[in-house]
Each structure stands twice: as C-alpha cells, then as structure tokens.
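Here is what each chain is made of, one letter per residue.
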Amino acid sequence: RRVKEERNDVIEGIATETASARSESRKEEPPAQVQDSPEANAEQNMEVTAMRDPGAEMGEAGAYAQREVWLRRQEDEGDLIIKCIHNDGDVENLVWLITLKNIFAKQLPNMPKEYIVRLLFDMKHESMIAIKGGTVVGGITFRTFIRQGFSEIAFCAVTATEQVKGYGTRLMNHLKEFARERHKVTHFLTYADNNAVGYFIKQGFSKEILLEREKWHGYIKDYDGGTMMECALSAAISYTDFPRMIRQQREAVDAKVYPGLKVWKGHGSRANEKISHPPEKIAGLKEAGWAPSPPPWRIILPANGNHVEPTRSAMHQLMNEVHFAAVDHPDAWPFLEPVDGREVPDYYDIIKDPVDLACIKRRLGTQEYYIALEIFAADFRRMFENCRIYNAPDTVYYKCATRLEQFFESKLVAGISMLR
C-alpha cells in the first residue's frame, strides 16, 4: 500500500510538471545550454599539482588522477553509483529524475524550470546520474543522434553540498564511456555558457568544431551568448579507468629506463677539474641501438700528407695548424684580441656571443672544449659573422673578415679528405 501511494505521488508530481511544461510549449523555446555552476567554477579554478608521496597508490601521479582513484574506490565499495537512466516509466527512475530536476533548477537559475522538465522527461533524452547514499547528487542530461554519430549535452550540475569533490568529472568520464560503447558515438557537442567554458576545456572539449557540419547542423539549435564546443571520443582510452592505465604505462616505462648518470656527483669542486664519461659506457645506450660512427672524412697531416683516422689527437693537431695559419694571415689583425669595450662602448650591447683568435687559442689549450671539428669551425664562423654584423660592408674590418674567412675555409678543406 505504501509503495502504491508513493507511486501515485510520483506520477501526480510528474503530471503537474509536464502539464506546466505543456502549457508553455506554445511559447518560444529557450535553447538547450549548459549554464555555469559552483561545480564548474571550482573545477575551473582548481590547480592540479603533482603529488610527492611515494606511498600513494598512484605514486607521483597528479592530484586529478588520485581523485579519480578515490572515486573509483567509492564505486567499487558501493558508496557511489553512477548509471544512465531515462523516463521509462519505472518509479525509481522517475523519483531520481525529479531529484535531478530539482538540482538543475537550483544550480542553473537562468534556465526555465519548464524547459528543464520538458527535456529531462523527454523520451529521447537520457541522464547520467551520480547516486550517493541513495540520493542523486548530480547528473548530466544529453540526447544522442545515433545516425549522426554525436550526442548533445543539455544540462550538467552537481548539488551544492557535493561540489569540488570530482563528481562532475567522474560523471563526464562515465558518460564518455557509455556513449561510445552503447551508442557508438564519436563526438560530444554542447553550447556552454561563457563562464563554463573553462570547465568543459578541462573535460577535453574544444572550441574548434571538427565534426562535419552536415552531421550536426540543423540538429542543434543555435543561440546567442554561448560557445559551441566539441569533444572527440577516443576508442583507445578507458575514460573510467585511465588512472590505472597511466600507472601501468609508467611502470612499463620505468622498467626500461636506466637510472641517470652519477659519475659527476661529488666531483667538480675544483675549477680546473675535468670529468669525462665515454658514451659507450652509458647504460642502455647500446641497447637502444646506438653505435659509434666515425666521421666520413680523414685528417691530412700537414707534415707528410698522410691520411689518418680523425682521432682527437689528430683533430687537435689540424686545428692548431689552421689556427696558427689564421693568426699569421695579414688580415687577422682585427681579430687577434677581444674588442676593447672602452674604445667601442656599444659593441657588447650588439654582439652577445663575442669570439676572437685569443679566445679560440685558450679553448684549444684545454684539449677538452673542441671535441669535434664542427665546434672549432663554428667558433671561427661566429667570429667573422660578428664582425659583419657590427661593421658596415665598406669598412676595412668587414673586408678583413671576408678575406680571412675565405682563407680559413680553404685551410680547413685542405686539412681533411672526404671518404667516397
């Protein structure tokens, strides 16, 4: 008898709501839109920070993923139920829809109640609801256009007492999974209030509409004051279980990643201390397919013209010979020493990477700076380029740079022999 009375009360309530909606049906219909709510503002303003607790279930995962794990645990323990319902005449579903209607009416004050009732109880609309402690705490109402391959979101809200807990995001993730698996849709579309755009962006929506216009045009009512947004659904993502997927992917990557180099730890306290580590001794480098490849050229020794392997010793011998020849060239005088900033006050304001022959000589003397011939040549070319940047083409400095560069390039080419 009690169940019968409850059912009669529910049906009477629905009849009252739908009658009111029917009386307004002749009026101009407001467009279906998603208004802003405290949930949306909280989601938009929440800063996702990285966790540093190694004992947490997600390791160093972000707070967003940790919250999803917490909500998933609530679902597994039965404290939270997320399901999709519609107006199918079932008493329990009707009670939940009326509760959801009250949430929408309170959290979306700019939306006419009659319009909320009409869409919520429309047979073509469905609602993904979150039930906590036997009470609906939030939901998303949507309509699916199966032949067009998309679903339109009409309303989205969470009751005020359960906001900033991730229920809105969890509802959206369930909706994505449900719509993709049940209705085979590939996209979500919605008109978002300007204050709710940030919330939808965090849910994977974009202002760029990539779905073909002919698929949605005429099915969604346009209206002023809102932003149309789209979310493309991926077939490769489990939206309701992605924290576990992220954890498994990270574990798989960590299993293949070698620890960082520690050869430099505890060294380098003295200014002139040199620490080197051959690349062939780096763990995992060979396993990744790396192999040392000799340069496709050989060094021509100036003394006898023999072609030798480009070892570090042979390269430094060649670089010293080229540097000595450049210093001895008659056009080298502007480059022998650094530019005096007292004589040229604005030089170092214009030239941010100064190089001169004395600087190159010092670097050669370390036996460590020029580990490749390309670095040595780059310093010379930078020196010439600096001169041409600062000086006009008709100046003697500019002309000296051009002639000395030609001499340098010829000496460099004469010192190497390319392999065919």
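Residues numbered from 1 in each chain as written. Predicted model: local features only at pLDDT ≥ 70, side-chain atom pairs only at ≥ 80, totals over all residues. Heavy atoms only, no water.

A tally of helices and strands in the chain yields 14 helices and nine strands. For the chain, the residues scored as buried account for 41% of the 420 residues in total. Carbon and sulfur atoms make up 52% of the accessible area of the chain, which totals about 24,000 Å². (Helix = DSSP H or I, 4+ residues; strand = E, 2+ residues; numbered from the N terminus. Buried < 20%, exposed > 50% of the residue type's maximum accessible area, 1.4 Å probe, protein only. Areas by Shrake-Rupley, 256 points an atom, 1.4 Å probe, with all protein chains shown as cover.)

This paragraph deals with the sheet that holds strand β3 (residues 135-145). Picture the strands of a sheet paired through backbone hydrogen bonds; they go either parallel or antiparallel. The sheet built from six strands is open, its strands ordered β1-β2-β3-β4-β5-β6 with mixed pairing. Edge positions in the sheet fall to β1 (80-85) and β6 (226-232), since each has one partner strand and no second. Here the average twist between neighbouring strands, direction ignored, is 25°. Sheet topology note: the β3/strand β4 (residues 150-158) ladder contains eight bridges and is antiparallel. When the sheet's bridge partners are listed, arginine 143 is paired in β4 with glutamate 152. Relative to β4, helix α5 (residues 113-120) is tilted by about 130°, and along the sheet it contacts β2 (125-132), β3 and β4. Running over the sheet, helix α6 (residues 167-182) touches β1, β2, β3, β4, β5 (187-193) and β6 and is turned about 135° from β2. (Pairing = 2+ DSSP bridges. Axes fitted to C-alpha atoms, helices over the stretch in contact; angles between N-to-C directions. Contact = heavy atoms within 4.5 Å.)

Structurally, serine 151 is set in strand β4. Of the residues examined, serine 151 reaches a relative accessible area of 0% and is grouped as buried. With near-sequence residues (within four places) excluded, serine 151 lies in contact with Phe142, Arg143, Thr144, Ala179, Val185, His187, Phe188 and Leu189.

Further remarks concern the pairing of β2. Among the eight residues of β2, seven are classified as buried, and the element is accordingly described as predominantly covered. Where β2 lies against β3, eight bridges are found, and the strand directions are antiparallel. Its bridge partner being in β3, lysine 132 is matched across the sheet by threonine 135. Counting the residues that bridge the hairpin from β2 to β3 gives two residues, and of these glycine 133 lies at a positive phi of roughly 65°.

Moving on to the packing of aromatic side chains. Under the definition given, this model contains 18 aromatic pairs. The interplanar angle of 75° and the centroid separation of 6.4 Å between the aromatic rings of phenylalanine 142 and phenylalanine 178 together place this pair among those described as edge-to-face. One end of the pair, phenylalanine 142, is in strand β3; the other, phenylalanine 178, is in helix α6, with 36 residues separating them in the sequence. Look at tyrosine 347 and tyrosine 348: their rings are 5.1 Å apart centre to centre, the planes differ by 85°, and that puts the pair in the edge-to-face class. (Phe/Tyr/Trp six-rings, centres within 6.5 Å; stacked < 30°, edge-to-face > 60°.)

Its identity is not glycine, yet valine 164 carries a phi of approximately 60°, on the positive side. Within the secondary structure, valine 164 sits in the loop between β4 and α6. Notably, glutamine 367 is not glycine yet its phi reads approximately 65°, a positive angle. Among the secondary structure elements, glutamine 367 is positioned in the loop between α12 (357-366) and α13 (373-390).

Of the voids in this model, the second largest pocket is the one considered here, and its volume is about 360 Å³. As for the second largest pocket, its lining consists of 19 residues, of which Pro334, Val339, Tyr347, Asn391 and Tyr397 are closest to the centre. Contributions of two or more residues to the lining of the second largest pocket are made by α11 (347-350) and α13. The greatest single-element share of the lining of the second largest pocket, amounting to four residues, is contributed by α13. (1 Å grid on protein atoms, 1.4 Å probe; cavity = no way out; pocket = protein on both sides within 12 Å on 5 of 7 lines; lining within 4 Å. Points joined across faces, edges and corners; volume = space filled by probe spheres on them.)

This part is about the packing of helix α10 (residues 312-327) against α13. For the pair α10 and α13, interaxial distance at closest approach is 10 Å and the crossing angle is 15°. For the element pair α10 / α13, the angle class is roughly parallel. Relative to α13, α10 is oriented so that their crossing is right-handed. Residues Met315, Leu318, Met319, Val322, His323 and Ala326 of α10 touch α13, and the partners they reach there are Leu373, Phe376 and Phe380. Here the residues of the contact of α10 with α13 sort into eight nonpolar, one polar and no charged. (Parallel < 35°, antiparallel > 145°, perpendicular 65-115°, else oblique. Left-handed = near helix turned anticlockwise from the far one by under 90°. Nonpolar A, V, L, I, M, F, W, Y, C, P; charged D, E, K, R; others polar.)

It is worth spelling out a nonpolar patch on the surface at this point. Together, Val327, Trp333, Leu336, Val396 and Tyr397 give the surface a local cluster of nonpolar side chains, amounting to about 430 Å² of exposed area. Tracing the chain through its elements places tryptophan 333 in the loop between α10 and α11. When its relative accessible area of 46% is taken as the criterion, tryptophan 333 is described as partly exposed. (Patch = residues over 30% accessible without salt bridge, like charges linked within 9 Å, V, L, I, M, F, W, Y side chains within 5 Å. Salt bridge = Lys/Arg side-chain N within 4 Å of Asp/Glu carboxyl O.)

What follows is about the nonpolar core. In this structure, Met172, Leu175, Phe188, Phe200 and Phe205 are the most contacted members of the largest nonpolar core, which totals 29 residues. At six residues, the largest contribution of residues to this core is made by α6. In terms of nonpolar packing, the next biggest core, distinct from the first, is built from 26 residues, Ala314, Met319, Ile360 and Phe384 among them. (Core = buried A, V, L, I, M, F, W, Y, C linked by side-chain atoms within 4.5 Å.)

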